[in-house]
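Chain by chain, the residues run as shown.
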Amino acid sequence: MRPTTRTRASSRANSVGVQAEDTKICVVMVGLPARGKSLIAQKVVRYLGWLSIEAKCFNVGSYRRNATPQPSASFFDTSNKEGERLRREAAEAAVADMCKWFRSPHNLIAILDATNSTKKRRQWIKDRCDAEGIETLFVESKCDDEDLIMSNIKEVKLTSPDYAGQDPEEAAQDFRQRIKMYENVYETLDEDEKHLTYCKIIDVGSHVIINKIQDYLQSRVVYYLMNLHIKPRSIWISRHGESMFNLSGKIGGDADISPRGELYAQRLPELVQQSAGDLPLTVWTSTLKRTNQTARFLPYEKLSWKALDELDSGVCDGLTYGEIEQQFPQDFKARDEDKYNYRYLGGESYRDVVIRLEPIIMELERSENILIITHQAVLRCIYAYFMGSSQEKSPWMEVPLHCLIRLTPRAYKTEEERFFANIPAVSTFREKGSKAEHQETEASSSRNSSPLIMPQVAT
Ligand code: SIN
């Protein structure tokens, strides 16, 4: 690694045990509008956060909006001097805030989300970062696929604050005009910039060029980027139908589904059809009986993954929470205090599950529409990856049995819809600090609703 891009801080390990040394990286997005840059930027931030690597996105557009909330396309014309000045000021403010953010020792990766469309602008960012001891990794999304550009234009006009409250057709026209302004000056990363560290993603990952990748963290980001695509798609997740172990309040094991779990398995194809229509889907399950039994009526290709098996509860496997509290009182308490990091004796923690799920996440990112039927702790970890939930909250998230969740990644956030099967299930949900209670819940009606969650089994 070049000595010029290193800070003088001593080496340290982050909380996943990854030796991050003193590397700090600014991932500089490059690309015309509507090329999925913001989607990529958000995904990288969530992925790194999920792996306990502190990351933050600095979006130049949101700085520009402070002075110019809803500019028309002519604002982006390079012959518009006032527009140019305001845009440069926005970029300077974003870079200044980013450099300040990097001064905290835990903050490792920033994403500078902007078009950064000229060589001059890119060199300016590199010089600023070099002066602060921050490495730069330029990531260009280059895509000429008209369908994809159109779907991104549609998405931007629906979700960008630049067009909030405007007529959708006029917004789309203005946005196309804005893209033309950028096209007039756009310079792709090329031979002249061989001195830069970059990853150029062409046509949604069908061709990727990487240049001068030089350390572990950079290669980890690039590996993730190489697996990403920005085509529109959804992920569906569901827990298995209620199991015989759920009925008796036991955790772990490899029990069959209960008669009500069987009803959910029978109802699931209709629930999926209601949400996915005729989209092609692949179903992923764990290797345990309860997920395979739940998936068996679904008319799609199926794949079983060991990595989707439930969190291993070690010596507590097959016990109820009441029994765990009696037999392992210290552990019961320790788990309440730090559920994310607590590792069952001879078993796993949530943190361990996240690490074993990484290949699943990579494969998910490479895939299109996937339905995952899995277990509560695993579902919580997958959900946290897509929604950016914190490590404190995600292990306590209440996830209902007999409910299908649809997650759709969008440029600025992941959208969530819930479809309830209206089939009752036992509840053994235990809130932090409470005794293990085992009780019946009522079925919720079949509906789409976002954060409405019924209390269910905790793992
Ligand atoms: C914006 O002002 O919306 C973005 C500025 C840029 O990335 O060029």
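Relevant structure appears above.
Note that this is a predicted model, so its numbers are computed, not measured. (Residues numbered from 1 in each chain as written. Predicted model: local features only at pLDDT ≥ 70, side-chain atom pairs only at ≥ 80, totals over all residues.)

**Student:** Explain the overall build of the protein chain to me, and be specific about the residues and the numbers.
**Tutor:** Along its length, the protein chain carries 14 helices and 14 strands. Burial analysis of the protein chain (459 residues in total) assigns 40% to the buried set. (Helix = DSSP H or I, 4+ residues; strand = E, 2+ residues; numbered from the N terminus. Buried ≥ 20, exposed ≤ 12 C-beta atoms within 10 Å, placed from the backbone.)

**Student:** If you had to explain the sheet that holds strand 12 (residues 414-420) to someone new, which residues and values would you point to?
**Tutor:** Across the sheet, which stays open at both edges, the six strands sit in the order 9-8-10-7-11-12 with mixed pairing between neighbours. Looking at which strands have only one partner, the edges of the open sheet turn out to be strand 9 (301-304) and strand 12. Averaged over all adjacent pairs, the angle separating strand axes in this sheet is 20°, with direction ignored. Of the strands in this sheet, strand 7 (235-239), strand 10 (370-374), strand 11 (403-409) and strand 12 touch helix 14 (residues 376-387), which is tilted by about 155° from strand 7. (Pairing = 2+ DSSP bridges. Axes fitted to C-alpha atoms, helices over the stretch in contact; angles between N-to-C directions. Contact = placed C-beta atoms within 7 Å.)

**Student:** Now, about helix 1 (residues 37-50): what can you tell me, with residues and values included?
**Tutor:** With 14 residues, helix 1 should cover 20 Å at 1.5 Å per step; its first-to-last C-alpha distance of 20 Å lies within 8% of that length. Of all 14 residues that make up helix 1, 13 are buried, and the element is covered over most of its length. Ser52 occupies a position one or two residues after helix 1 and carries a positive phi of about 70°. (Expected span 1.5 Å × (residues − 1).)

**Student:** Pulling in residues and values, what's your account of the site of the ligand?
**Tutor:** All residues in the neighbourhood of the ligand are listed as Val60, Gly61, Arg64, Arg87, Ala114 and Thr115. It is helix 2 (residues 60-67) that provides the largest number of residues to the shell around the ligand, a total of three residues. (Near = placed C-beta within 6 Å.)

**Student:** Could you give an account of the environment of Glu187, naming the residues involved and the relevant values?
**Tutor:** Mapped onto the elements of the fold, Glu187 is located in the loop between helix 6 (168-183) and strand 5 (198-202). Judged by C-beta crowding, with 14 C-beta atoms within 10 Å, Glu187 ranks as partly exposed. As a C-alpha pair, Glu187 and Lys119 span 68 residues in sequence and 6.6 Å in three-dimensional space. Once residues lying within four places of it in the same chain are set aside, the contact partners of Glu187 are Ser117, Thr118 and Lys119.

**Student:** Any chance you could break down the sheet that holds strand 4 (residues 135-142) for me, citing the residues and the numbers?
**Tutor:** Taken together, six strands build an open sheet; the order of strands is 2-3-1-4-5-6 and the sheet is mixed. The open sheet has two edge strands, strand 2 (54-59) and strand 6 (207-211), and neither has a second partner. Across the sheet, the axes of successive neighbouring strands diverge by a mean angle of 15°, strand direction being ignored.

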